[in-house]
Amino acid sequence: MSRVGCDLEELTSNAKHIQDDVLTKILKADANTEYLQQFLQGSSDKELFKKNVPVVSYEDVKPYIDRVANGEPSDIISGNPITAFFLSSGTSSGNLKIFPSNNIYYENIQTICTIASVTMSKYFDGFKQGKEMRFTFFHPISTTPCGLPLGPVMTSFTKSEHYRSLAKNSTSPDKIILCPDTKQSMYCQLLCGLVQRDEVVSVGAMFASVLVQVIHFLESYWKELANNIRCGHVSEWVTDLSCRDSLSILLGGPNPELADLVENECGQKSWQGIVSRLWPKAKCIDTIVTGTMAQYIPALEFYCSSELPLVSKLYACSEALFGLNLEPLNKPQHVSYTFLPNMSYFEFIDVDVDGLTTEGEIVDLVNVKLGHYYEPLVTNFSGLHRCRVGDVLQVTGFYNMTPQFRFVRRKNTVLSVYAESTTEEDLLKALASATVVLESSDLMLTGFTCYADISTVPGHYVFYMELRAKVNNNSNNDLPLDNKVLVECCCAMEESLNGAYRLSRSKDEHIGALEIRVVQQGTFDSLMEFYVSRGSSITQYKTPMCIISAEPLKVLEDNVLARFFSDKSPPI
Ligand code: AMP
């Protein structure tokens, strides 16, 4: 298909033309679908499309998607045959969703990977010559009632022809990445990375939450990993034959020197900078730390050397791939994603800064305005037309003719116990204030979520936090929970919440004192396991910013170690 182009300059200079072309192709293919027929009566006219086809959310089109998944023909929604379904993480919205898909999505991944690789090589010398230690996990692929594969995007891609033809320089052989047992896979991927430590130029995982989990896993298993390296054998509990075969080649025999080194580094009291110590040639940490993932920045900065840039490379979802961060050295708070106009057809609804009240006009990709906030709409090659993505983005600039966006937050994630409405961005600001307070202590934040507790009168905000001691951080017993520091955290968080919150809080009868509930170490891993057991993929897992349902809440509640409350109302 001539649609795929990998020349960044050409793509971004001709954004308008390419977007027009993408829409023409989609409408020509889809004009006679049952879905579009009702609005366009078979026409593929672009203006008519914008006038007549409604903006929809997933729930609106779910009945059509379900019909195809249940065996009715693809052309209910898409002229291009549907060949697979993607399972979205569902951790942001709470519900698992399935999206129709086909090879065009995989071609788009190839395009994006090619451009990303060129960008990384431009900024990091010798990047192409080294290896990436990128933790990816396989999620079982099931089938829809009509027999089409159903799995998370990355797993589905890993199984595709397109993945096989992609140039890769990963420390982990495909056979290990494809191992369905997460624990065995994680263990083996770490072993592969340790054995090839001198070649590793980047350490990463799709989302920061996963990378932090891997580092915690390393904390529990480094002695065993070192033993395996010392004797040149993989532990017996790793039973997956493909993993064992791949590793026996990579281990290549006993390596006591490397084993000593791993033991020396991991055996130190503090794990500060452990990633850079174990992988000294790593030039960056390649993982998404924007949006809800920003909560993992302090932990990653602690575990990695402070000079190692945290690179959020990509912005994408199961509906469409959007774009790339072309300036990987930018600090996380200054990351913007440049949309690639050949991925899908994009429109944008102008939304208020708070993204909640009014929604303005809908504009094309090239017509967004600098500084404005938008929710993207996707029209893709697999049957979605003007579908809301549920994210809020802000235009930060243009690369050639193509806009760049900062990820602001998920649209609907708000916490409210009275008349105030607290957005995900507000929560991240509060979290940043808490982090500043924690920095002066021996504690580090490694997990965070919140909950609007309206069982108390008045209702109040509860923040679940998993904390670790920066030194000797292996046991809860050592956690130096200083009442003064944690109360100060509560107060700092309240002070940085928005005006409506502070006003309602100042009248104690509207909102009660903000509470921090410190949970045991490993609780956020259990939370992830809970969501994974419900069908989420680990690779795409994002810790929910807020918890609304009882079951995940119970995972947290069962592990509460201590509670702290703010001891004064914040200034208005
Ligand atoms: P999924 O469909 O499960 O892959 O989830 C897609 C969602 O993940 C997006 O709509 C965003 O809310 C979030 N997401 C993806 N990439 C990023 C990113 N680079 N920064 C922040 N959030 C992201």
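Residues numbered from 1 in each chain as written. Predicted model: local features only at pLDDT ≥ 70, side-chain atom pairs only at ≥ 80, totals over all residues. Heavy atoms only, no water.

The name recorded for the protein in an unreviewed UniProt entry is 4-substituted benzoates-glutamate ligase GH3.12-like, from Eruca vesicaria subsp. sativa.

Right, let's get into the pattern of salt bridges. Counted according to the given criterion, the structure contains 31 salt bridges. Taking the shortest distance from any N to any O, the salt bridge between Arg230 and Asp260 comes out at 2.8 Å. With Arg230 in helix H11 (residues 208-231) and Asp260 in helix H13 (residues 256-266), this pair connects stretches of sequence that are 30 residues apart. Owing to a relative accessible area of 27%, Arg230 belongs among the partly exposed residues under this scheme. Among the salt bridges present, the one from Asp453 reaches Arg517, with a minimum N-O distance of 3.4 Å. With a gap of 64 residues between them, Asp453 in strand S20 (residues 443-453) and Arg517 in strand S22 (residues 515-519) connect regions that are remote in the sequence. (Salt bridge = Lys/Arg side-chain N within 4 Å of Asp/Glu carboxyl O. Helix = DSSP H or I, 4+ residues; strand = E, 2+ residues; numbered from the N terminus. Buried < 20%, exposed > 50% of the residue type's maximum accessible area, 1.4 Å probe, protein only.)

With that out of the way, let us pick up the domain arrangement of the protein. What the domain assignment reports for the protein is domain 1 (3-103 + 314-410), domain 2 (124-311) and domain 3 (414-565). For domain 1 and domain 3, the distance between their C-alpha centres works out to 33 Å. At the interface, 13 residues of domain 1 touch 13 residues of domain 3. Both sides together, the interface formed by domain 1 and domain 3 hides about 1,100 Å², and carbon and sulfur atoms give 52% of it. At the junction of domain 1 with domain 3, the criterion picks out one salt bridge. Between Glu425 and Arg406 there is a salt bridge, with the nearest N and O atoms lying 3.3 Å from each other. (Domains from an automatic or database assignment. Contact = heavy atoms within 4.5 Å. Buried area = accessible area lost by both parts, 1.4 Å probe.)

Glancing now at the packing of helix H19 (residues 523-533) against helix H20 (residues 550-557). Viewed as axis vectors pointing N to C, H19 and H20 meet at an angle of 155°, and their least axial separation amounts to 9 Å. Between H19 and H20, the angle is such that the two are roughly antiparallel. Along this stretch, H19 crosses H20, giving a crossing that reads as right-handed. Between H19 and H20, the contacting residues are Thr523, Phe524, Ser526, Leu527, Phe530 and Tyr531 on the first element and Glu551, Pro552, Val555 and Leu556 on the second. (Axes fitted to C-alpha atoms, helices over the stretch in contact; angles between N-to-C directions. Parallel < 35°, antiparallel > 145°, perpendicular 65-115°, else oblique. Left-handed = near helix turned anticlockwise from the far one by under 90°.)

Before going further, it helps to examine the packing of aromatic side chains. One pass over the structure, following the stated rule, counts 30 aromatic pairs. Aromatic pair Tyr461 and Phe463: ring centres 6.5 Å apart, planes at 55°, arrangement tilted. Phe463 sits in the buried class, given a relative accessible area of 0%. Ring centres of Phe530 and Tyr531 lie 5.3 Å apart, and the angle between their planes is 75°; this geometry places the pair in the edge-to-face category. Tyr531 carries the same exposure label as Phe530, and that label is buried. Taken together, the ring pairs connect Tyr315, Phe322, Tyr337, Phe339, Phe346, Phe348, Tyr374, Phe405 and Phe407 into an aromatic cluster. Arg386 extends its terminal NZ or CZ atom over the ring of Phe49, reaching a point 5.6 Å from the ring centre. (Phe/Tyr/Trp six-rings, centres within 6.5 Å; stacked < 30°, edge-to-face > 60°. Lys NZ or Arg CZ within 6 Å of the ring centre and 35° of its normal.)

A word on the side chain of Thr155. Here Thr155 shows up in helix H7 (residues 153-158). The class of Thr155 is buried, set by a relative accessible area of 2%. Within polar-contact distance, the side chain of Thr155 engages the backbone nitrogen of His139 at 3.1 Å. Those residues in contact with Thr155 that sit more than four places away from it in its chain are Phe137, Phe138, His139 and Ile141. (Polar contact = N/O pair within 3.5 Å; in protein donor to acceptor, adjacent residues only side chain to side chain.)

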